[in-house]
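A look at the structure
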Protein chains: 2
Amino acid sequence: MDLTAYLNEQQQQIDAALDARLPQPQQRPGRLHEAMRYSVFAGGKRLRPILMIAACQAVGGQPNQVLDAACALEMIHTYSLIHDDLPAMDDDDLRRGRPTSHRVYGEALAILAGDALLSEAFVWLTRPWPGIAAERQLRATQLIASASGAAGMVAGQVADMEAEGQAVDLATVDFIHHHKTGALIRVALQAGALIGGVDETGLKQLSLFGEKAGLAFQIADDLLDVEGQQEQLGKDTGRDAARGKATYPAVLGIAESRARASQLHNQALALLEPFGPAAEPLRAISAYIIERRH
Amino acid sequence: MDLTAYLNEQQQQIDAALDARLPQPQQRPGRLHEAMRYSVFAGGKRLRPILMIAACQAVGGQPNQVLDAACALEMIHTYSLIHDDLPAMDDDDLRRGRPTSHRVYGEALAILAGDALLSEAFVWLTRPWPGIAAERQLRATQLIASASGAAGMVAGQVADMEAEGQAVDLATVDFIHHHKTGALIRVALQAGALIGGVDETGLKQLSLFGEKAGLAFQIADDLLDVEGQQEQLGKDTGRDAARGKATYPAVLGIAESRARASQLHNQALALLEPFGPAAEPLRAISAYIIERRH
């Protein structure tokens, strides 16, 4: 398959859907809506919503069925980036080469824009979805809420903060990545499959795929930070080490981290076998992300 | 009816339900769960959940049907207080006589505890509710999400910040209070009624009741800040004026504000007539809150 064309097409579809759903700056209070849009349209790759669409397709669903949920997940991801960048957290001035939200709108509005993005995500997740049973919609939405909160992404962020500058073991790095980045990737697969009409067996397979692939993505990301060229990545490399962040290369070393990513990737691909050709986009996307540095 | 006994009973029920639902500090990451509990159990009056229960009763429902939603609403209210108190916002050191979250746990964890409370609220709002149709549950949850976000509470908070120190007109004060405090009070009534099985006519009546009563509460609160005795209220009075906050007394004067609160209260009570004796708790609570300074 032509992965570039696929990614471009999905990205355009998601960007258009986000634009149609987000409140306009003409509506009061305009600065809030402007700040929400500023971060949502900051050049993200839309990895999580595209994974959700691909999971929906893998079980025979249509991409337009998951647009509300896919946009919601991207909003949750965006809110987490705004809050992570705040002076009290990572204190970042730039993200993807642009000034961070609090640098442009001030800290108070950045906090509130994040809060509003998280709340709006649940407006889209709970409005009527034609053709989807309400029980299934509630289940997908609950998985997304759970992946975002105290048992998911926020737990990972707290554990990451607590580990900063500390000597950490593999179990801690696993906990951090399983929650901080893994939870949203896993739930992208789960929600996409649920909305696409998956049965319980298929849901388990795709959850496990999300688990393995999510961890492999994270190891690849850690490796990129250590080895990557600044121009290739568009952000400073070596920052994790400078901050004493808990990463796989720091705990396992580079060679062992590479071997682990590769093993996880193979396990993930094996889990997709029962889905046949419908899972081709999922296979291509995960290969692309895990191997992007080569 | 014995309002004090009613309020005590509901408050105990809500506190027990919150305690049972919130993650334990023994679970990782413990500091996050501790921070969530610290603010949830900071001595709140549980006004919003009690209004939700009373609305459910007014339409013939049972209090235990709304416990998940009532706890969720209290969590959303609590997260908003944590974020409002942050140094970048109101920079408050005390709330209800205790140090604010960021004074105890630091700014980063306070932001994340707020984020986690908001996310967990939606976990409880989307898990299976026995005996409630999934469509009705989705509708109630959507109203709560909408009341919390860019078209509700967060919009009010932003407008309030923008108005600080500015000369404001009545329309702006109305916008701020309609959104900042009004939205959650209105949705307490709406969600309680929906979960209790209300029909469309009853829902409209109770929404309008929430609208009028919510505004009356806010005017009463503004008046308390101007006129109240510090010991009576347990917080500094006159702070709104010192900060140049947009309030009713500042725009309308004290006498006119009092007349408006009283008029809104009477309009609100008239809207409860069709509900008969079942709405007695709602009547008693609104009278108590609007007239508490006398």
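Rules behind the numbers
Residues numbered from 1 in each chain as written. Chains lettered and ligands numbered in written order. Predicted model: local features only at pLDDT ≥ 70, side-chain atom pairs only at ≥ 80, totals over all residues. Heavy atoms only, no water. Helix = DSSP H or I, 4+ residues; strand = E, 2+ residues; numbered from the N terminus. Rg over C-alpha atoms; globule rule 2.2 N^0.38 Å. Buried < 20%, exposed > 50% of the residue type's maximum accessible area, 1.4 Å probe, protein only. Contact = heavy atoms within 4.5 Å. Least-squares fit on C-alpha atoms with pLDDT ≥ 70 in both. Buried area = accessible area lost by both parts, 1.4 Å probe. Salt bridge = Lys/Arg side-chain N within 4 Å of Asp/Glu carboxyl O. Polar contact = N/O pair within 3.5 Å; in protein donor to acceptor, adjacent residues only side chain to side chain. Expected span 1.5 Å × (residues − 1). Axes fitted to C-alpha atoms, helices over the stretch in contact; angles between N-to-C directions. Parallel < 35°, antiparallel > 145°, perpendicular 65-115°, else oblique. Left-handed = near helix turned anticlockwise from the far one by under 90°. Nonpolar A, V, L, I, M, F, W, Y, C, P; charged D, E, K, R; others polar. Disulfide = S-S within 2.5 Å. Phe/Tyr/Trp six-rings, centres within 6.5 Å; stacked < 30°, edge-to-face > 60°. Lys NZ or Arg CZ within 6 Å of the ring centre and 35° of its normal. Core = buried A, V, L, I, M, F, W, Y, C linked by side-chain atoms within 4.5 Å.

If you check an unreviewed UniProt entry, chain A appears there as Farnesyl-diphosphate synthase from Desulfuromonas thiophila.

1. So, the overall build of chain A
Along chain A, the regular secondary structure elements total 16 helices and two strands. Taking 19 Å as the expected radius of gyration for a compact globule of 294 residues, we find that chain A reaches 18 Å, a close match to that expectation. In terms of overall dimensions, chain A has C-alpha extents of about 50 × 50 × 35 Å along its principal axes. Here chain A holds 294 residues, and 57% of them are scored as buried. Taking as baseline every contact in chain A between residues at least 6 positions apart, the subset at least 24 positions apart corresponds to 73%.

2. Considering the relation of the copies chain B and chain A
Once turned by 180 degrees and shifted 0.0 Å along the axis, chain B lies on chain A with an RMSD of 0.0 Å. The relationship between the two copies is best expressed as a two-fold rotation axis. Taking C-alpha positions as the reference, the residue of chain B nearest the rotation axis is Ala134 of chain B, at 2.7 Å. Most of the interface of chain B is mirrored in chain A, where 98% of its interface residues are also at the interface.

3. Description of the interface of chain B and chain A
Across the boundary between the two partners, chain B contributes 48 residues, which contact 47 residues of chain A. Interface area lost by chain B to chain A is led by Arg28, Leu138 and Ala150 of chain B, which between them contribute 16%. Taken together, the links from chain B to chain A amount to zero salt bridges. Linking chain B with chain A are six residue pairs in polar contact (both at pLDDT 80 or more). Those elements that place two or more of their residues in the side of chain B that touches chain A are helix H2 (30-40), helix H4 (67-85), helix H6 (107-126), helix H7 (134-148), helix H8 (153-163) and helix H9 (170-180) of chain B. Tallying contributions element by element places H6 of chain B first for the side of chain B that touches chain A, with 14 residues.

4. Re H4 of chain B
Over its 19 residues, H4 of chain B extends 27 Å from the first C-alpha to the last, a length consistent with the 27 Å expected when each residue adds 1.5 Å. Counting buried residues along H4 of chain B, 19 of its 19 residues qualify, which places the element largely inside the surrounding structure.

5. Details of the packing of H4 of chain B against H8 of chain B
Residues and elements named next belong to chain B. Running from amino to carboxyl end, H4 crosses H8 at an angle of 25 degrees, the nearest separation of the two axes being 12 Å. When the axis of H4 is compared with that of H8, the two are roughly parallel. Helix-helix and strand crossings are classified by hand; for H4 and H8 the assignment is right-handed. Counting all contacts with H4, which are made through Ile76, Tyr79, Ser80 and Asp84, the residues of H8 involved are Met153, Val154 and Gln157. Here the residues of the contact of H4 with H8 are counted per class, giving four nonpolar, two polar and one charged.

6. Focus on the state of the cysteines
Following the criterion strictly, the structure yields zero disulfides over all chains and no others. Free of any disulfide, Cys56 of chain B has its nearest cysteine sulfur in Cys71 of chain B, 14 Å distant.

7. A closer look at the packing of aromatic side chains
Per the counting criterion, the structure on display carries three aromatic pairs over all chains. Ring centres of Tyr38 of chain A and Tyr105 of chain A lie 5.6 Å apart, and the angle between their planes is 70 degrees; on these two criteria the pair is classed as edge-to-face. Highlighted residues: Tyr38 of chain A in helix H2 (residues 30-40) and Tyr105 of chain A in helix H5 (residues 101-105), separated in sequence by 67 residues. Like Tyr38 of chain A, the residue Tyr105 of chain A is buried in the burial classification. The lysine or arginine in question, Arg28 of chain A, covers the ring of Phe175 of chain B, its NZ or CZ lying 4.5 Å from the ring centre.

8. Concerning the nonpolar core
Generally speaking, a soluble globular protein has its nonpolar side chains buried in company with each other. Counting residues in hydrophobic clusters, the biggest one holds 198 residues, and the most contacted among them are Ile285 of chain A together with Ile285 of chain B. The residues contacting Ile285 of chain B, other than those within four sequence positions of it, are Leu3, Tyr6, Leu7, Leu47, Ile50, Leu51 and Ala54 of chain B.

9. A short note on unusual backbone geometry
Cis rather than trans, the peptide bond between Arg28 of chain A and Pro29 of chain A has omega equal to -5 degrees. Checked against the element boundaries, Pro29 of chain A lands in the loop between helix H1 (3-21) and H2. A positive phi is found at Arg46 of chain A, a non-glycine position, where the angle reads about 60 degrees. Tracing the sequence through the fold places Arg46 of chain A in the loop between H2 and helix H3 (47-58). Residue classification places Arg46 of chain A among the buried residues on the basis of a relative accessible area of 3%. At Arg96 of chain B, a position not held by glycine, the phi torsion is positive, near 50 degrees. Tracing the backbone through its elements, the reader meets Arg96 of chain B in the loop between strand S1 (94-95) and strand S2 (98-99).

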